[in-house]
Structures are given as C-alpha cells and as structure tokens.
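Notes for the structure review
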Amino acid sequence: MKKINSIFFYQKTPARPLRLLPLLLLCLILLLTGCSAASAPLSKTGLYFDTVITVTIYDKEKETCLENCFALAEKYETMLSPTIEGSDIWNINHSDGKPVVVSDETAYLLETALSYCELTDGRIDLTIEPVSELWDFHEFLSSNATLSQEPQSRIPDNNSLAEAVRHVDYHNLLIDGNTVTLTDRNASVSLGFIAKGYIADKMKEYLVSQNIKSAIINLGGNLLAVGSKPDGTSFQFGIQKPFEEQGTPVTTVSVCDKSLVSSGVYERYFYEDDVLYHHILNPKTGYPVRNELLSVTILSDSSMIGDALSTTCFVLGLEEGMALIEDLDNVEAIFISNDGTLHNSTGLKP
C-alpha cells in the first residue's frame, strides 16, 4: 500500500519517541496525551502495511485485546496488500483480465474507493499503481530540509509516464457482487488511500465490543481515538507543521472518539532543479498534483472516511475541497496553503 505514514508518540509520563524507518513516511502528526500512574497505558507496536503501527489501550486487564488488534492487522494485510501473493488485490492485479472472486470486505472497499474516483472525476484513481511504481520517494525524508542533487534524475521519463497513464482508468475495474474484473491487463489497483482507515475502524469496533473505553489506534499516522482519556478529557493531537522538524505542531486539535488523518506534500518528496516533487500524483498527467496546498487534515467519526477525504480534498484543492467538507455532516478539515495559512472548516474554531 502506498499510503504510509510517520508519527511521534509522546506522553507526559516518561516515554521515548517512536522512531520510524526512513521509508515509512506519509503523514506526520504529533500526538500529545498524558495519564496518571493508575491508568498507565498498554501499548503494542508492529510493522504492517509498510508502516509502523501502534495500538494503545488504557486498561491493564485487557492486554489480550492488543494481540487481537494485531491479528486483525495481519488479516487485512493478507487480504488487501498488493504485494502479498494470494491477497485479493494481488489476485486482481495478476488476473490477466479474468474475473476474480474476492471477500465481501474487499468488494466493499473497492466499491467505496470507486465512489471517490467518481466524485473527483478521476482526480483520485485507484488504478494509479502503474504510475506510482515509476516514482521513488522512499529515500527522501520529510526531515531533510535540503537534499543534494544526484547525477541521475529521479523523475520518470516522459515516455514511460505517458505509457503508464494510458493504463490508469478506474472505469476498467468492474464489480459484480464479489466478482471483480480488471479489464486492462496492464493496469493494477491499490487501496492505499482508504484501506488503513478501514482497518483502524475495524480495530475500534473490536475494542468497543470488548468494553475498552479509552484507546488510541495509530496506523502510521491515521489516528483514531476510542473514547476520551481516562480522566474524561479529550486527547490532544498536534498537526505537523510542513517542512519543519518532526514533532513541530502548527496547531493542535481536541479529539474525543474521532479520527484524525492528514495528507501533504511534505510527507514523501524530493527536490530536483529546485522543484519539489511529492508523492500525491495526478492520474491524468502522472506528475505530482500542483494546487497551492501543503496539507489537508480531516477530523471525522470514521477513519476510513477521513483517510479517503484527506487525499480527495487535497487533489480537489482548497476551494472545491472545502466546499465538499462543508457539504458533509460530522466532518471537519484544516487546509494548509503554500504560504502557511490555515483554513479551517466552519465547525472548527481557528
């Protein structure tokens, strides 16, 4: 999955920042929270979906719930990863145009992803994988303020991009119940802009079923709060200031029983000839989206919706993206424009 994130996790009780692997950067959000000794949290960290994930619960007697959350992570990675042979997505991408039977959940996610493709008239396209595979942002960290020039260009050549763009068209993905057909044999799909949010929602659903009243699910920057802090106050999530040192918040948001997800140009990028190239790509051209935005952060009840909307609103731009948010119930957003200005939806106080 391409949507992979980095996060620092801080607590007022002694704790060490979680250092992530260099290539695991997409959405840097600073999480600020605290607890008393009596309610010290239990946490578990692992590597799934090409990113580091952490689940934290505030109930010492429910440690098995952590293990079961990670069992869910393994289940969905095996089901949805495009790189694991035998997964539903791998089977679709290697079907040579033949119909593939997938799970109910995969079919649901594909249909939901297609709805965002249609909403944006293809500015979001889940078949962009042939283009994404031509770009390599993994060696470039958002913490690198200056990147040295290298003799060999990291920009794909025009012919290769043009050929890849020919195979990007969500209309080539047909869904009939649980049967999925990718009619272009050279196309491939990814649920990277929506899958982690869905998985976070499923983890929360499980924790709530186990009567967990306070927890934080961090799937590489897709943050989802279960309830509030043990003392009844809201969690404070800090949104990363673009291109500043990791852990530098531009603002903080009070979160109780909601999700916070960001997408931005500073997450994975490189410079070449003083031009910034970032990982959010335009399916029509194959090049990074250019729209005067640095990032979009979505506050919502569902992490899946927040995951999808953070990318959707970014590609739509400030005017269209904000109009979409203002049209939706129980969804708020913070857009950061190139000059560093924060633009909040009406439900969020400046």
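Structure first, text after, so check above.
Reference entry: report on the structure contained in this document. Just so we're clear, the structure is a prediction, and the values are computed from it rather than from any experiment.

**Regarding the pairing of strand S10 (residues 235-240)**
Buried residues dominate S10, accounting for 5 of its 6 residues. Pairing between S10 and strand S11 (residues 249-255): 6 bridges, direction antiparallel. Among the inter-strand pairings, Gln236 is bridged to a residue of S11, identified as Ser254.

**Observations concerning the nonpolar core**
Of all hydrophobic cores here, the largest spans 72 residues; its most connected members are Ile92, Leu126, Leu191, Met203 and Leu207. It is helix H7 (residues 303-327) that provides the largest number of residues to this core, a total of 10 residues. Membership of the second largest hydrophobic core comes to 13 residues, among which are Ala225, Val253, Leu299 and Ile334.

**Concerning the pattern of salt bridges**
In the structure shown here, the tally under the stated rule is 10 salt bridges. For Glu105, the salt bridge identified is with Lys75, shortest N-O distance 3.5 Å. Linking Glu105 in helix H3 (residues 104-119) with Lys75 in helix H1 (residues 63-80), this pair joins segments that are 30 residues apart in sequence. A single salt-bridge network, built from bridges that share partners, covers Asp96, Lys98 and Arg185.

**Re the sheet that holds strand S6 (residues 173-176)**
As summarised here, the arrangement of the 3 strands in space is S5-S7-S6, forming an open sheet in which the pairing is antiparallel. Lying at the two open borders of the sheet, with one neighbouring strand each, are strand S5 (100-101) and S6. Where S5 meets strand S7 (residues 179-182), 2 bridges bridge the pair, whose relative direction is antiparallel. Residue Val101 lies in a different strand from S7, and its bridge partner there is Thr179. Lying over the sheet, H3 contacts S6 and S7, oriented at roughly 130° with respect to S6.

**Regarding the pairing of strand S8 (residues 214-219)**
In terms of burial, S8 is largely enclosed, as 6 of its 6 residues are buried. Side chains Ser214, Ile216 and Asn218 project from S8 onto one buried face, and the interleaved Ala215, Ile217 and Leu219 project onto a second face that is buried too. Taken together, the 5 bridges between strand S4 (residues 51-57) and S8 define a ladder with antiparallel strand orientation. Note that in S8 the partner of Thr56 across the bridge is Ile216. Turn length for the S8-strand S9 (residues 222-227) hairpin, with the two strands adjacent in sequence and antiparallel, is 2 residues, and the turn residue Gly220 shows positive phi of about 60°.

**Quick look at helix H5 (residues 158-165)**
All of the buried residues in H5 are Leu161, Ala164 and Val165. Taken down its axis, H5 places every buried residue within 100° of arc, on the same side. Buried residues along H5 sit against helix H4 (129-132). Here H5 starts with a cap whose side-chain oxygen sits 3.1 Å from the backbone nitrogen of Asn159, and that cap is Asp157.

**With respect to the environment of Ser234**
Mapped onto the fold, Ser234 is located in the loop between S9 and S10. You can call Ser234 partly exposed: its relative accessible area is 26%. Considered as a pair, Ser234 and Asp257 are 23 residues apart in the sequence and their alpha carbons are 8.6 Å apart. Among all residues touching Ser234, those that are not within four sequence positions of it are Lys229, Ser254, Val255 and Cys256.

Conventions we followed
Residues numbered from 1 in each chain as written. Predicted model: local features only at pLDDT ≥ 70, side-chain atom pairs only at ≥ 80, totals over all residues. Heavy atoms only, no water. Buried < 20%, exposed > 50% of the residue type's maximum accessible area, 1.4 Å probe, protein only. Helix = DSSP H or I, 4+ residues; strand = E, 2+ residues; numbered from the N terminus. Pairing = 2+ DSSP bridges. Core = buried A, V, L, I, M, F, W, Y, C linked by side-chain atoms within 4.5 Å. Salt bridge = Lys/Arg side-chain N within 4 Å of Asp/Glu carboxyl O. Contact = heavy atoms within 4.5 Å. Axes fitted to C-alpha atoms, helices over the stretch in contact; angles between N-to-C directions. Arc of directions from axis to C-beta. Polar contact = N/O pair within 3.5 Å; in protein donor to acceptor, adjacent residues only side chain to side chain.

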